[in-house]
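The lines below spell out each chain.
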Amino acid sequence: MPAPTADLFPDDALQQPAGREQIGDESHVLRGYALPWIERLLPSLRQVLAQSPFRQMVTPGGFTMSAALSSCGELGWTTDAHGYRYSPLDPRSQRPWPAMPDVLRQLAVQAAADAGFIGFAPDACLINRYVPGAKMSLHQDKNERRYDAPVVSVSLGLPAIFLFGGHARSDRAQKVSLFHGDVVVWGGIDRLRFHGVMPIQEGLHPVMGPQRINLTFRTAG
Ligand code: MD6
Ligand code: FE
């Protein structure tokens, strides 16, 4: 006979640490994980963006991405008419991307460890800025040299609906709401799942203003 609590707690989400939601076999949302870091994180982010400001990039297919991009770390993700790739230089300045601030690296490494990926060593942090209406079409993250490291994604500012699909573009995507301070960690068997972001709704975030900023940390090289 099941324990008397069985009906009260039918959901195995309750077996997980508080604020940790599993969205795939090896993927989790850590709700509010970045909130205690934000006061230290924002000044570092501002310094990075003063050196390498947001810019809109063009895909190899000739479309201007609605999200504006920057990067920090040894490698930055770029796109232009010639393709998608990681580069040690900011194409705008032809100088190295700003170094990855310690506070950003530490947040990413700790979040990865708490989601089961010990020893994450990110060398790239892509910074995406979405104003209302901006979106990210379904894609796979596959420009990295290897896929054994996870991706750690930090959401700041306006909420987003994250689309988390399968291994084929046509697989039905689950919708996951992401809020200021949420961190998504995914890897392993989920590493190459299609994903995207629905158009950001109009709004004004009390800390970040009328925008969403997403940081994605990867081992790219
Ligand atoms: C975004 N994120 O949330 C876009 N990729 O703005 C991504 O493309 C992404 O959040 C890989 C892993 C996590 C992500
Ligand atoms: Fe991605």
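Whatever comes next refers back to the structure up there.
Bear in mind that the values here come from a model prediction, so they are computed numbers and not experimental data.

At the metal site, the iron ion (ligand 2) is ligated by His139 (NE2), Asp141 (OD) and His195 (NE2), and these contacts range over 2.1 to 2.2 Å. Linear spacing of the donor residues for the iron ion (ligand 2) on their chain is H-x1-D-x53-H. Note that Asp141 is positioned in the loop between strand 10 (136–139) and strand 11 (151–157) and His195 in strand 15 (residues 195–197), a separation of 54 residues in sequence.

Pairing in this open sheet of four strands is antiparallel, and the strands run 10-15-12-13 from one edge to the other. At either margin of the open sheet sits one strand with a lone partner, and together these are strand 10 and strand 13 (174–178). Strand after strand, the sheet turns through a mean of 20° between neighbouring axes, direction not considered. Across two bridges, the pairing between strand 10 and strand 15 is antiparallel.

Quick look at the pairing of strand 2 (residues 27–30) now. Of the two faces of strand 2, the one carrying Ser27 and Val29 and the one carrying His28 and Leu30 are both buried. Here strand 1 (residues 20–24) hands over to strand 2 after two residues, the two strands then running antiparallel side by side. Bridge count for strand 2 against strand 14 (residues 183–186) is four bridges, and the pairing is antiparallel. Looking across to strand 14, one finds that Leu30 is bridged to Val183.

Before going further, it helps to examine the layout of surface pockets. By volume, the largest pocket amounts to about 810 Å³. Counting residues per element, the ones that place at least two in the lining of the largest pocket are strand 4 (64–73), strand 6 (83–87), strand 9 (124–130), strand 10, strand 11, strand 14, strand 15 and strand 16 (212–218). With five residues, strand 4 is the largest single contributor of residues to the lining of the largest pocket. Residue classes in the lining of the largest pocket are distributed as 17 nonpolar, twelve polar and seven charged.

Each value, and the rule that gives it
Residues numbered from 1 in each chain as written. Chains lettered and ligands numbered in written order. Predicted model: local features only at pLDDT ≥ 70, side-chain atom pairs only at ≥ 80, totals over all residues. Heavy atoms only, no water. Donors = N, O, S within 2.8 Å, 3.2 Å for Na, K, Ca; no water. Helix = DSSP H or I, 4+ residues; strand = E, 2+ residues; numbered from the N terminus. Pairing = 2+ DSSP bridges. Axes fitted to C-alpha atoms, helices over the stretch in contact; angles between N-to-C directions. Buried < 20%, exposed > 50% of the residue type's maximum accessible area, 1.4 Å probe, protein only. 1 Å grid on protein atoms, 1.4 Å probe; cavity = no way out; pocket = protein on both sides within 12 Å on 5 of 7 lines; lining within 4 Å. Points joined across faces, edges and corners; volume = space filled by probe spheres on them. Nonpolar A, V, L, I, M, F, W, Y, C, P; charged D, E, K, R; others polar.

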